[in-house]
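Overview (structure and organization)
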Amino acid sequence: DAGITQSPRHKVTETGTPVTLRCHQTENHRYMYWYRQDPGHGLRLIHYSYGVKDTDKGEVSDGYSVSRSKTEDFLLTLESATSSQTSVYFCAIGGRTGLEQYFGPGTRLTVT
Amino acid sequence: QKEVEQNSGPLSVPEGAIASLNCTYSDRGSQSFFWYRQYSGKSPELIMFIYSNGDKEDGRFTAQLNKASQYVSLLIRDSQPSDSATYLCAVNNGGSNYKLTFGKGTLLTVNP
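So, here's what we can say about the structure. (Residues numbered from 1 in each chain as written. Chains lettered and ligands numbered in written order. Predicted model: local features only at pLDDT ≥ 70, side-chain atom pairs only at ≥ 80, totals over all residues. Heavy atoms only, no water.)

**Regarding the overall build of chain A**
So the rule is basically this: Only DSSP runs of H or I covering at least 4 residues are called helices, and only runs of E covering at least 2 are called strands; the numbering of each starts at the N terminus. Within these notes, the globule rule equals 2.2 Å times the number of residues to the 0.38 power, and the radius of gyration is based on C-alpha atoms. Only protein chains enter the area calculation, which uses a 1.4 Å probe; residues under 20% of their type maximum are buried, those over 50% are exposed, and those in between are partly exposed.
Within chain A one finds zero helices and 11 strands. The secondary structure elements of chain A, listed N-terminal to C-terminal, are β-β-β-β-β-β-β-β-β-β-β. Expected size for 112 residues packed as a compact globule is a radius of gyration near 13 Å; at 13 Å, chain A falls within 12% of this value. With respect to the principal axes defined by its C-alpha atoms, chain A has extents near 40 × 25 × 25 Å. Considering chain A as a whole, with its 112 residues, one finds that 51% of them fall into the buried category.

**Some thoughts on the sheet that holds strand 1 (residues 4–6) of chain B**
All names here are of chain B. This is how it is decided: Note on pairing: two strands pair once DSSP finds at least 2 bridges between them. Axes, fitted as lines to C-alpha atoms, cover a helix only where it is in contact. Angles between the N-to-C directions of the axes lie from 0 to 180 degrees.
The five strands are arranged 1-3-8-7-6 in an open sheet whose pairing can be described as antiparallel. Only two strands of the sheet have a single partner each, and these edge strands are strand 1 and strand 6 (54–58). Mean inter-strand twist for the sheet, computed between neighbouring axes without regard to direction, equals 20°. With six bridges joining them, strand 7 (residues 61–66) and strand 8 (residues 71–76) adopt antiparallel strand pairing. Along strand 8, the bridge assignment pairs Ala63 with Leu74.

**Quick word on the environment of A:Val111**
Residue and element names in this part refer to chain A. For the record, the criterion: Here, residues are in contact when the closest pair of their heavy atoms is within 4.5 Å.
Relative to the elements of secondary structure, Val111 occurs in strand 11 (residues 107–111). Classification of Val111 by relative accessible area gives buried; the value is 6%. If near-sequence neighbours (up to four positions away) are discounted, Val111 is found in contact with Thr13, Glu14, Thr15, Ala81, Thr82, Ser83, Gln85 and Thr86.

**As for the pairing of strand 11 (residues 106–111) of chain B**
Residue and element names in this part refer to chain B. Only one face of strand 11 is buried: it carries Thr106, Leu108 and Val110, and the other face, with Leu107, Thr109 and Asn111, is open. Pairing of strand 2 (residues 11–14) with strand 11, which is carried by four bridges, proceeds in the parallel orientation. Along strand 11, the bridge assignment pairs Ser12 with Thr109.

**Notes on unusual backbone geometry**
Excluding glycine, residues mostly have negative phi values, and the peptide bonds linking residues are mostly trans. Cis geometry marks the peptide bond from A:Ser7 to A:Pro8; its omega dihedral reads -10°. Looking at the element boundaries, A:Pro8 is found in the loop between strand 1 (4–7) and strand 2 (10–13). The step from B:Gly9 to B:Pro10 runs through a cis peptide bond, and the omega angle for that step is 10°. Relative to the assigned elements, B:Pro10 resides in the loop between strand 1 and strand 2. At A:Asn28, a position not held by glycine, the phi torsion is positive, near 60°.

**Some thoughts on the pattern of salt bridges**
Filter applied, for reference: Whenever a carboxyl oxygen of Asp or Glu lies within 4 Å of a side-chain nitrogen of Lys or Arg, that contact is scored as a salt bridge.
Counting across every chain of the model gives seven salt bridges over all chains. Note that B:Arg37 is salt-bridged to B:Glu45, the shortest N-O span being 3.0 Å. The class for B:Arg37 is buried, based on a relative accessible area of 12%. The structure contains a network of salt bridges with shared partners spanning A:Arg22, A:Lys70 and A:Asp73.

Following this line, the structure appears as structure tokens:
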């Protein structure tokens, strides 16, 4: 995952505050994805992007928004964080070489 | 609802044995299948992908696909303690090639 970074890597925030997570890639992949991973649920897709300014919802998109103004950056925003959004968030990239996806190191978010 | 099912484990095998991990999927339109390895506290790492029926070998890993039975498996030969991890099966969504659905993973433990 040398070509994909996430920031911050850890964050603790309070209920009701806005939070933005950043994913940055240097691999020139067209597709970028945000997942959350929770015990008992596995990896679930939140939102994905298929190009600059082109985004679509995944299976658990409520309470999240995304933006992609540059090929290399994909932002995930929690408008008003809730305790149910405590999770590990992974960014993934794909599409340059095929359908496979490559994951970033993850962000552990705790909402108190 | 597209589903990917895996036995959660734990699957315990002795060092040097063959570990067999299984995955079934519900979407008959799926064409691409992926195996990821995830160490505790780390991000998923792609280890194998397979698109055609039959076997695909890469080192100690063999992926097997049977589309008629909607079944994909991963064999790990000469299992090592370093193979101890959670293995995630992922399947592309037939209606949207660049989206994947993940199983919840199988925890593999290789005992020295």
